[in-house]
Amino acid sequence: MSLNNQVLDKPISAELPYVEANLSYLVPMAEKPVNYTYEPPPGIPRTNATYQTHKLPIYNARSISENISLDREGFAFTGHNTNVRNFYDEDEVRRVYYLEAEQLLKEVTGATKVVIFDHTLRNAGLSKPGENNIKEPALRVHNDFTAKSGYTRARLELAARGIDDIDALLKQRFAIINVWRSIATPIQESPLAVCDAQSIAPTDIVAGDLVYRDRVGETYGVTYNSKHKWFYFPQMHRDEALFIKCFDSAEDGHARFAAHTAFEDPTSPANAPPRESIELRTFVFYPA
């Protein structure tokens, strides 16, 4: 079932159905971008960054899903049945879904060890910042980790779990992979678009501070490049999973960062229900 090391006979073709949508990109800036995850003190803006939309084709990748790999494009897709009944039940997600996803990731990547360290529920209809942990879809082109923060977050999370030999673990190849899925009806509103990592130039990604109340993380904003190739999997439902490579310690040509964003689908019905989704953030350790 490996979706990691497949080789294409020919490159992904642009001869696919697509929608055109506005994607929100970071405008290049002299200082380091800063985004607060909470309402900052008076006089401090929530962010010092500005964004600009660009209308781009987003290709329907369903027909080529078997020819897409985490190591080349930086994302992958598969059918996967889940036994979770209620994704809003925190205990059930941790007890049932974490174990399902751990096994799935081992099958997909060939990993010897998987550590799931975080998850986010998204539903614009239920999101109440400050009152619950449910978030709205993220409508800016971004990548969750940087070449620096991939290691920083790994050390933090592995130490918190009392895992031994962290130094040895982080010397072998590891990746941070998000597992993303619909948790209710098939997604019509604010689907997720992913950018082929091969189309992203190193100069397109910009490290920015993500300020929490107790720590400062680092993520990549992405500046516009006409060469970016965007894909999505329309009408995703509960028994499908999308994998997104947010970091890879390997610097030997494997995809390292797959930018992604929610977008307003022009074909979405006006009365479409709010998108309901979950993403897991995971460390995947490859064989030494």
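Here, every reference points to the structure presented above.
The present account deals with the structure reproduced in this document.

Reading guide: rules and limits
- Residues numbered from 1 in each chain as written.
- Predicted model: local features only at pLDDT ≥ 70, side-chain atom pairs only at ≥ 80, totals over all residues.
- Heavy atoms only, no water.
- Helix = DSSP H or I, 4+ residues; strand = E, 2+ residues; numbered from the N terminus.
- Rg over C-alpha atoms; globule rule 2.2 N^0.38 Å.
- Buried < 20%, exposed > 50% of the residue type's maximum accessible area, 1.4 Å probe, protein only.
- Contact = heavy atoms within 4.5 Å.
- Areas by Shrake-Rupley, 256 points an atom, 1.4 Å probe, with all protein chains shown as cover.
- Lys, Arg positive; Asp, Glu negative; His and termini not counted.
- Charge placed at Lys NZ, Arg CZ, Asp CG, Glu CD.
- Polar contact = N/O pair within 3.5 Å; in protein donor to acceptor, adjacent residues only side chain to side chain.
- Pairing = 2+ DSSP bridges.
- Axes fitted to C-alpha atoms, helices over the stretch in contact; angles between N-to-C directions.
- Disulfide = S-S within 2.5 Å.

## Here we look at the overall build of the chain
Part 1: Helix and strand content of the chain: three helices and 15 strands.
Part 2: In summary, the chain has a C-alpha radius of gyration of 18 Å against a globular reference of 19 Å for 288 residues, a match within 12%.
Part 3: Structurally, the chain occupies a C-alpha span of about 55 × 50 × 40 Å along its principal axes.
Part 4: Looking at the chain residue by residue over its 288 residues, the buried ones come to 53%.
Part 5: For the chain, the share of sequence-separated contacts (at least 6 apart) that also reach a separation of at least 24 residues comes to 80%.
Part 6: For the chain, the exposed surface amounts to about 13800 Å²; the carbon and sulfur share of it is 49%.
Part 7: Positive and negative charge centroids in the chain, built from 31 and 38 side chains respectively, lie 2 Å apart.

## Some details on the side chain of K245
Part 1: In this structure, K245 sits in strand β13 (residues 240–248).
Part 2: Using a relative accessible area of 0% as the deciding quantity, one classes K245 as buried.
Part 3: Here A255 takes part through its backbone oxygen, which lies 2.7 Å from a polar atom of the side chain of K245.

## Considering the environment of V115
Part 1: When you line up the elements, V115 lands in strand β5 (residues 113–122).
Part 2: Among residues more than four places away in sequence, those in contact with V115 are L158, R161, I163, R281, T282, F283 and F285.

## Observations concerning the sheet that holds β5
Backbone-to-backbone hydrogen bonds pair the strands of a sheet. The strands run either parallel or antiparallel.
Part 1: The sheet built from six strands is open, its strands ordered β4-β13-β8-β15-β5-β6 with mixed pairing. The two strands at the open ends of the sheet, each matched to only one other strand, are β4 (75–79) and β6 (134–135).
Part 2: The pairing of β4 with β13 spans five bridges and is classified as antiparallel. Directly across from T78, in β13, lies its bridge partner A241.
Part 3: Where helix α1 (residues 90–109) meets the sheet, its contacts fall on β4, β5, β8 (174–182), β13 and β15 (277–285), and the angle it forms with β5 comes to roughly 130°.
Part 4: Where helix α2 (residues 149–160) meets the sheet, it contacts β5, β8, β13 and β15, and its direction lies at approximately 90° from that of β15.

## Thoughts on the state of the cysteines
Part 1: Within this structure, the stated rule accounts for zero disulfides.
Part 2: Among the cysteines around C246, which has no disulfide bond, C195 carries the closest sulfur, lying 13 Å off.
Part 3: Take C246: its relative accessible area is 0%, and that puts it in the buried class.

## Let's talk about the side chain of E73
Part 1: Relative to the helices and strands, E73 is located in the loop between β3 (51–60) and β4.
Part 2: For E73, a relative accessible area of 1% corresponds to the buried category.
Part 3: Side-chain polar atoms of E73 contact the side chain of R72, separated by 2.7 Å.

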